[in-house]
Amino acid sequence: MYLKMNYDELAEIFVNNLLVTNRGFNFFVDWDNVMDYRAFEIELNAMDVLIRKENIKEQFIELAKKLPTFIATFPLLFALSKAERENAWKGNYELLIANDDISTGENLKFSFDVKHLKDGITDEEIENYYYFFERMGLENLCTNMIEKSFIDYVIGALVGIDTNGRKNRGGKAFEYACEPIINKICKKYNVKLISQKKFKTLEKLGIEVSEDIANRKADFILIKNDKVLNIEVDYFFRGGSKPEEIIDSYINRQHDLEKINMGFVLITDGLCWDNKSKNQLQKGFRNMNYLMNFYLAKNGMLEEVIKTYFN
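Along each chain, residues carry numbers from 1 onward, in the same order as the chain's sequence is written. Local features are withheld for residues below a pLDDT of 70 in this predicted model, meaning they are given only at 70 or higher, and side-chain atom pairs are given and counted only at 80 or more; totals for whole chains, interfaces and linings count all residues. Excluded from the side-chain calculation are hydrogens and water; included are all heavy atoms of the structure.

Caption draft 1: The arrangement of the pattern of salt bridges in detail. Between Lys or Arg on one side and Asp or Glu on the other, a salt bridge is scored when a side-chain nitrogen of the former is within 4 Å of a carboxyl oxygen of the latter. A full pass over the atoms with the stated rule returns 10 salt bridges. Of the charged contacts, one joins Lys65 and Asp123 as a salt bridge, the two residues approaching to 3.9 Å between their closest N and O atoms. Of this pair, Lys65 sits in helix α4 (residues 56-66) while Asp123 sits in helix α8 (residues 123-135), and the two are 58 residues apart along the sequence. In terms of burial, Lys65 and Asp123 fall into one category: exposed. The salt bridge involving Asp256 is made with Arg216; its shortest N-O contact spans 2.8 Å. A residue pair is termed long-range when its members are at least 10 positions apart, and Asp256 in helix α13 (residues 243-258) and Arg216 in the loop between α12 (211-214) and β4 (217-224) qualify at 40 residues. Residue classification places Asp256 among the buried residues on the basis of a relative accessible area of 16%. Under the DSSP-based scheme used, a helix requires at least four consecutive residues in state H or I and a strand at least two consecutive residues in state E, with every element numbered from the N terminus. Using a 1.4 Å probe on the protein chains alone, a residue whose accessible area is under 20% of its type maximum counts as buried, one over 50% counts as exposed, and one in between counts as partly exposed.

So, in structure tokens, the structure goes:
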């Protein structure tokens, strides 16, 4: 039914059936990320001795000699990403800070390798870590801001830092919404489904992949009788999204796949695609073989596409 419609008809259905939001309760805070503080609960409790102390440097040095791993808590106290924190703790990442005279190109390096800290640190290293503690503003945090508990502060900080992950969770939420529909159709027509893998995964199945796309990650790859169909899903809010760039990038994706005889489907949704974007939608419908939103995918268009493509 849908595949026989013209571009204007499809665009009309598309813009009249947009998802206003894809934000569920699990979008706003990933509480598992916030629980990172538990790995350093002893150290954070020990740091409470630094709160509101006039002789804070002396207390810092004493604590560093007795429990040097408390220094590993520093990445939890300011806006360092989860990946950077974890790599720092494993010793795979050193935090680089530009020197005061940035024109020299020299950087200060600070390690938060837990294994190294457990082995104990020298007086010189303690002085360097205190310099970091002071210049990063953590000394001021202790003496003028925190009232009672470092753990309470860290929980609040991690909730704030976790907001940086919302964009990724928004995309994941739309993937999770689309996957059951795709999976159900694949089972009905005996189509193999691969999720969140690079295209080079297909080489293990004896399917040749060009260097242009080998290392690109696909949301979904469908395979049957040596035919391959890539499905990408994306949700875009109105602010910050440029429909023309989105459409052009996916048209290019389709062209790259067509060169190696693979098909392409785009399922996209969100208020980015309101009436003001209809010209870009029509461009997408004219230049892409299969373009739909969640409503169209759920109500039969995706099944039509998969059935037709794999025949």
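Next comes the rest of the write-up.
Caption draft 2: Just the packing of aromatic side chains, in detail. Pairing of aromatic rings covers Phe, Tyr and Trp, the last through its six-membered ring, and needs centres within 6.5 Å; plane angles under 30 degrees mean stacked, over 60 mean edge-to-face, and all others mean tilted. One pass over the full model with this rule turns up 21 aromatic pairs. Relative to Phe132, the ring of Phe110 lies with its centre 4.8 Å away and its plane at 55°, an arrangement referred to as tilted. With Phe110 in strand β2 (residues 107-111) and Phe132 in helix α8, this residue pair connects regions lying 22 residues apart in the sequence. The burial state of Phe110 is the same as that of Phe132; both residues are buried. Look at Tyr250 and Phe264: their rings are 5.9 Å apart centre to centre, the planes differ by 20°, and that puts the pair in the stacked class. Remark: Phe264 occurs in strand β6 (residues 263-269) and Tyr250 occurs in helix α13; sequence separation between them is 14 residues. In this structure Phe264 comes out as buried when scored by relative accessible area, which is 1%. Of the aromatic side chains, those joined through ring pairs into one cluster are Phe60, Phe70, Phe74, Phe78, Phe110, Phe112, Tyr129, Tyr130, Phe132 and Phe133. Its guanidinium or amino end placed over the ring of Tyr309, Lys227 lies 4.3 Å from that ring's centre, counting from NZ or CZ. Here, a charge over a ring means that NZ of Lys or CZ of Arg falls within 6 Å of the ring centre while also lying within 35 degrees of the ring normal.

Caption draft 3: Seen up close, the nonpolar core. We define the nonpolar core as a collection of buried residues of types Ala, Val, Leu, Ile, Met, Phe, Trp, Tyr and Cys that are connected through side-chain atoms lying within 4.5 Å of one another. Leu222, Ile267 and Leu302 are the most contacted members of the largest nonpolar core, which has 60 residues in total. In this structure Ile267 touches Phe174, Cys178, Ile231, Glu232, Val233, Asp234, Met292, Asn293, Phe294, Ala297 and Leu302, once residues within four positions along its chain are discounted. Counting residues in each nonpolar core, the second largest holds 40 residues, with Val34, Phe60, Phe78 and Tyr130 among its members. Any two residues whose heavy atoms approach within 4.5 Å at even a single point are treated as in contact.

Caption draft 4: The packing of α13 against helix α14 (residues 278-287), seen in detail. Note on definitions: angles span 0 to 180 degrees between N-to-C directions of axes, and those axes are lines fitted to C-alpha atoms, for helices only across the stretch in contact. Direction vectors running N to C along α13 and α14 enclose 5°, while the axes themselves pass 9 Å from each other. With respect to each other, α13 and α14 are oriented roughly parallel. Note on element contacts: α14 touches α13 through Gln280, Lys283, Gly284 and Asn287, opposite Pro243, Glu244, Ile247, Asp248, Ile251 and Gln254. When the residues that make up the contact of α13 with α14 are grouped by side-chain class, the tally is 3 nonpolar, 4 polar and 3 charged. When describing relative orientation, an angle under 35 degrees is termed roughly parallel and one over 145 degrees roughly antiparallel, while 65 to 115 degrees is termed roughly perpendicular and anything else oblique. Under this grouping Gly is polar, as are all residues other than the nonpolar Ala, Val, Leu, Ile, Met, Phe, Trp, Tyr, Cys and Pro and the charged Asp, Glu, Lys and Arg.

Caption draft 5: Quick peek at α4. All buried positions along α4 are accounted for by Ile56, Gln59, Phe60, Leu63 and Ala64. Angular distribution of buried residues about the axis of α4 spans 135°; they occupy a single face of the element. Opposite the packed face of α4, turned more than 90 degrees from it, sit the exposed residues Glu58, Lys65 and Lys66. For α4, the elements touching its buried residues are α3 (41-46), α5 (74-77), α8 and α9 (138-145). By definition, the arc is the one covered by directions from the helix axis to the C-beta atoms.

Caption draft 6: Region of the structure containing α13. The terminal C-alpha atoms of α13 lie 23 Å apart, and with 16 residues this matches the ideal 22 Å at 1.5 Å per residue to within 8%. Within the sequence span of α13, burial applies to Pro243, Ile246, Ile247, Tyr250, Ile251, Arg253, Gln254, Asp256 and Leu257. Along its buried surface, α13 packs onto α12, β4, β5 (227-235), β6 and α14. Working rule for helices: expected span equals 1.5 Å times residues minus one.

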